[in-house]
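# What the coordinates show
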Amino acid sequence: MNFIETRGNDGIKPVEVSFSEAILNPSASYGGLYIPKELPKCEDDFFEKHLNSSYKELAYYLLKKFEIDIENELIKNALNLYDKFDDPKNPVPVKKVEENLYISELYHGPTRAFKDMALQPFGYILSALAKKRGENYLILAATSGDTGPATLETFKNKPNIKVACLYPDGGTSDVQRLQMVTEDADNLKVIGIIGDFDDAQSALKNLLNSQIFKNKLKEKGIKLSAANSVNFGRIIFQIIYHFHSYLELVRMGDIKIGDEVYLTVPSGNFGNALGGYYAKKMGLPVKKILIASNENNVLTELIKEGRYDLRGKFLKKTTSPAMDILKSSNVERVLFDKFGSKRTKELMDSLNENDYYELTNEELKELQADFEADFTTDEEIKEYIREYALNKNYLMDPHTATTIKLYEKYKDIKNIAYSTAEWTKFAPTVLNALNKDSKKYRDLEALIEIAKRLRIMIPVVIEELFNKPIVHNSVIEKDRIDEEILKFLDT
Ligand SMILES: *Cc1c(COP(=O)(O)O)cnc(C)c1O
C-alpha cells in the first residue's frame, strides 16, 4: 500500500510513496505527514481467528494487512524484539484493576516506557532498509524523556544509522536522563537543550526543513530521517496493542467479541491515541477513545470546544513530562482522515501562523463521535496514585494516573486504560503521592523507599543506571545544535 500526504502534494515530492520511503524520509509536502492511502479492514471472523494468537502472530497479521514493502523475514526479525520484554509470551499484560477498569501495561520493554513498543521493531527495520540501500542516515530525535532512551536503545550499534538526541535539560527525570547520557555507543550523540520540549521539537523540525543543514549532510553522504511519532513506521506498531488488549479481555471471559470498550490514552503527541483511532476504523469495537491530558490541556480544549488555541499559552512543567506538549503532531492525521488534505492544510497553516485554529460545529461533532477528553492536575495525579497504591493494590506512574478521571466518568462499559510508564521512571512523584508531601526526592532515594514500603523490587535495569559512567555531557543553547551535530558526524 502506498502513502499520501496530509497537506496535499506540492508538485515536487512524489504524489505517493511506499512505506519504506515514508519511514526513511518522513517529511511530506508543506510540512505535512504521511498517511496510508486507505486503512485495511478486519474481516468478519478476524477476532475469532486471533483468539489464540500470540502478540507476535497478531502483529505479523496486522502488518501484512497494510501490504507494506518490507520482506516477511525482516518483519519477523523485527517482531522478535518483543522477546526481550519481561514476558516474551505476552509483552503487553492487561490487568483487571476494578470492575470496569483494565490497565494495559505498555512498559515492559528495555527502557520501561511505552515508546519501546514501537521503537524496538521500527529501529530494526529502519537500519536494515538503510543497510540494504547502502545509505547512511542521521536520526534526529527530540524527546521529553521517553522517546530519547527508547530511540538510543533501539539504534545502539545498528549499522548505517547515527542518532542525535535532543532533550530539554531539567525537563526529564533522573532515570530518563541517565538512560540517555549513559548510553555508550559510537553512533549515538545526546544533547541537552536549554529550553523546554517544544523548543527541542521545533529545533528538530527546523533542522529537518533546513536546506543548508541538509547540504552539509549531503557533502558527508548522510541523509536525514526522524524517529519521532510523526514517523508512520512508529504509528503502525501502535495499532497492534489496541487489538491485543481487546483480545485479552475476551480471553479473560470479561467481554464477548463485538462488545464495545473505551480506550483511555495518556496523550502527548497523540501517537498512541491515533493508533487507537486507526484500530477503531479497522474494525476494533471501540465506543470512544478517551484522551487524557495533564495541565497542558490543549487536547481537552480541542475535543470539547473545537479550538486549538496556543495564544498566550505557555508550556507547564508537570509531573508527567512525557505529556508536556502544546503542539500535538499526530492530531493532524485525524484532521486529514476526517476533513481531507485541503482543510488540514488550512487548519495547520493557521496554527503555524496564528497559533490558533477553530473547527466548525459540524467538524467538532465529527471529532466528538470518536473522542472525549479531560485533563488531570498534578495534585489530582498524586491523589490517584496514592489511592490506587494504598487501597486498590495497583501502583501506577503519573502518566498512567491521568486516565483515572476519565475512567470514573466513563465506566458504563469496560474501559481499557493504558499504562505508558513504569513507576520506576517517576519515583520522586510517586513517593510524594504516598507521603502526601512535596519534598524534592532524588530518584534513587525514592526508588529505594517505595520498594521498601510496598515490598516490591526495583528492576535491575533501573538500579544499575546509577552506577554507569556518564558518557554524554553537552548542554547547549538551541541555536548551536546544528554545529554540535555536524561536529559529532565528523568523529
Ligand atoms: C510518549 C509518552 C506519552 C504520550 O504518548 P503520545 O503517543 O505522544 O501521545 C505518554 N506517557 C508516556 C510515559 C510517554 O512516554
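Going by the structure above, here's the rest.
Analysis parameters
- Residues numbered from 1 in each chain as written.
- Predicted model: local features only at pLDDT ≥ 70, side-chain atom pairs only at ≥ 80, totals over all residues.
- Heavy atoms only, no water.
- Helix = DSSP H or I, 4+ residues; strand = E, 2+ residues; numbered from the N terminus.
- Rg over C-alpha atoms; globule rule 2.2 N^0.38 Å.
- Contact = heavy atoms within 4.5 Å.
- Areas by Shrake-Rupley, 256 points an atom, 1.4 Å probe, with all protein chains shown as cover.
- Buried < 20%, exposed > 50% of the residue type's maximum accessible area, 1.4 Å probe, protein only.
- Pairing = 2+ DSSP bridges.
- Axes fitted to C-alpha atoms, helices over the stretch in contact; angles between N-to-C directions.
- Salt bridge = Lys/Arg side-chain N within 4 Å of Asp/Glu carboxyl O.
- Phe/Tyr/Trp six-rings, centres within 6.5 Å; stacked < 30°, edge-to-face > 60°.
- Lys NZ or Arg CZ within 6 Å of the ring centre and 35° of its normal.
- Core = buried A, V, L, I, M, F, W, Y, C linked by side-chain atoms within 4.5 Å.

### Considerations on the overall build of the chain
- Along the backbone of the chain there are 22 helices and 15 strands.
- The C-alpha radius of gyration of the chain comes to 21 Å, within 12% of the 23 Å expected for a compact globule of 491 residues.
- Expressed along its principal axes, the backbone C-alpha trace of the chain runs to roughly 60 × 50 × 50 Å.
- Residue pairs in contact within the chain that sit at least 24 positions apart in sequence constitute 74% of those at least 6 positions apart.
- When the accessible surface of the chain is split by element, carbon and sulfur atoms take 47% of a total near 18,900 Å².

### A short note on the pairing of strand 13 (residues 371-375)
- Within strand 13, 4 of the 5 residues are buried, which leaves the element mostly enclosed by the surrounding structure.
- Both strand 10 (residues 286-293) and strand 13 contribute to a ladder of 5 bridges, which runs parallel. Residue pairing across strands places leucine 290 opposite glutamate 372, the latter belonging to strand 13.

### Things to note about the sheet that holds strand 8 (residues 222-226)
- The parallel open sheet is built from 5 strands, whose spatial order is 8-5-6-7-15. Of all the strands in the sheet, just strand 8 and strand 15 (475-476) have a single pairing partner and so form its edges.
- Across 6 bridges, the pairing between strand 6 (residues 161-168) and strand 7 (residues 188-193) is parallel. Paired with tyrosine 167 across the bridge in strand 7 is glycine 192.
- In the packing of helix 6 (residues 147-155) onto the sheet, contacts are made with strand 5 (136-142), strand 6 and strand 7, and the angle to strand 6 comes to roughly 165°.

### Notes on the pattern of salt bridges
- Evaluated as defined, the whole model comprises 46 salt bridges.
- With its nearest N and O atoms 3.4 Å apart, the salt bridge here joins arginine 177 to aspartate 174. Of this pair, arginine 177 and aspartate 174 both sit in helix 7 (residues 174-181), separated by 3 residues, roughly a single helical turn.
- By relative accessible area, which is 23% here, arginine 177 ends up partly exposed.
- Aspartate 174 gets classed as buried once you look at its relative accessible area, which sits at 16%.
- Across the pair lysine 345 and aspartate 349 runs a salt bridge whose closest N-O atoms are separated by 2.9 Å. Separated by 4 residues within a single helix, lysine 345 and aspartate 349 lie in helix 14 (residues 331-354), roughly one turn from each other.
- For lysine 345, a relative accessible area of 24% corresponds to the partly exposed category.
- Looking at aspartate 349, the relative accessible area reads 22%, which means it is partly exposed.
- Shared partners join several salt bridges into a network, and the residues in it are Glu301, Glu305, Arg307, Asp309, Arg311 and Lys313.

### Here's the deal with the environment of glycine 233
- When you line up the elements, glycine 233 lands in helix 10 (residues 232-235).
- When its relative accessible area of 0% is taken as the criterion, glycine 233 is described as buried.
- For the pair glycine 233 and tyrosine 124, spaced 109 residues apart in the sequence, the C-alpha separation amounts to 11 Å.
- In this structure glycine 233 touches Phe19, Ile23 and Phe122, once residues within four positions along its chain are discounted.

### Looking at helix 6
- Of all the 9 residues making up helix 6, 8 are buried; the element is thus mostly covered by neighbouring parts of the structure.
- Every buried residue of helix 6 is listed here: Thr147, Gly148, Pro149, Ala150, Thr151, Leu152, Thr154 and Phe155.
- At its buried positions, helix 6 is contacted by helix 5 (115-133), strand 5, strand 6, helix 7, strand 7 and helix 10.
- Phi turns positive, to about 60°, at asparagine 157, one or two residues after helix 6.

### With respect to the packing of aromatic side chains
- Under the counting rule described, the total for this entry stands at 18 aromatic pairs.
- Where phenylalanine 66 meets phenylalanine 232, the ring centres are 6.4 Å apart and the plane angle is 55°; that geometry is what we call tilted. With phenylalanine 66 in the loop between helix 3 (55-65) and helix 4 (72-79) and phenylalanine 232 in helix 10, this pair connects stretches of sequence that are 166 residues apart.
- Taking relative accessible area as the criterion, phenylalanine 232 reaches 1% and is therefore assigned buried.
- A centroid spacing of 5.3 Å and a plane angle of 65° characterise the contact between tyrosine 82 and phenylalanine 85, whose relative ring orientation is edge-to-face.
- Pairwise contacts between aromatic rings join Phe3, Phe19, Phe66, Phe232, Phe270, Tyr277, Tyr278 and Phe371 into one cluster.
- Its end group placed over the ring of tyrosine 30, lysine 345 keeps NZ or CZ at 4.6 Å from the ring centre.
- The aromatic ring of phenylalanine 375 is capped on one face by lysine 405, whose charged end is 5.8 Å from the ring centroid.

### Topic: the nonpolar core
- Counting 139 residues, the largest nonpolar core has Phe237, Phe243 and Tyr357 as its most contacted members.
- When residues of this core are assigned to their parent elements, the largest contribution, 9 residues, is made by helix 11 (residues 237-252).
- Ignoring anything within four residues of it in the chain, the contact list for phenylalanine 243 reads Cys42, Phe46, Phe47, Leu58, Leu62, Ala279, Met282 and Leu284.
- Counting residues in hydrophobic clusters, the runner-up holds 25 residues, among them Leu140, Ile485, Leu486 and Leu489.

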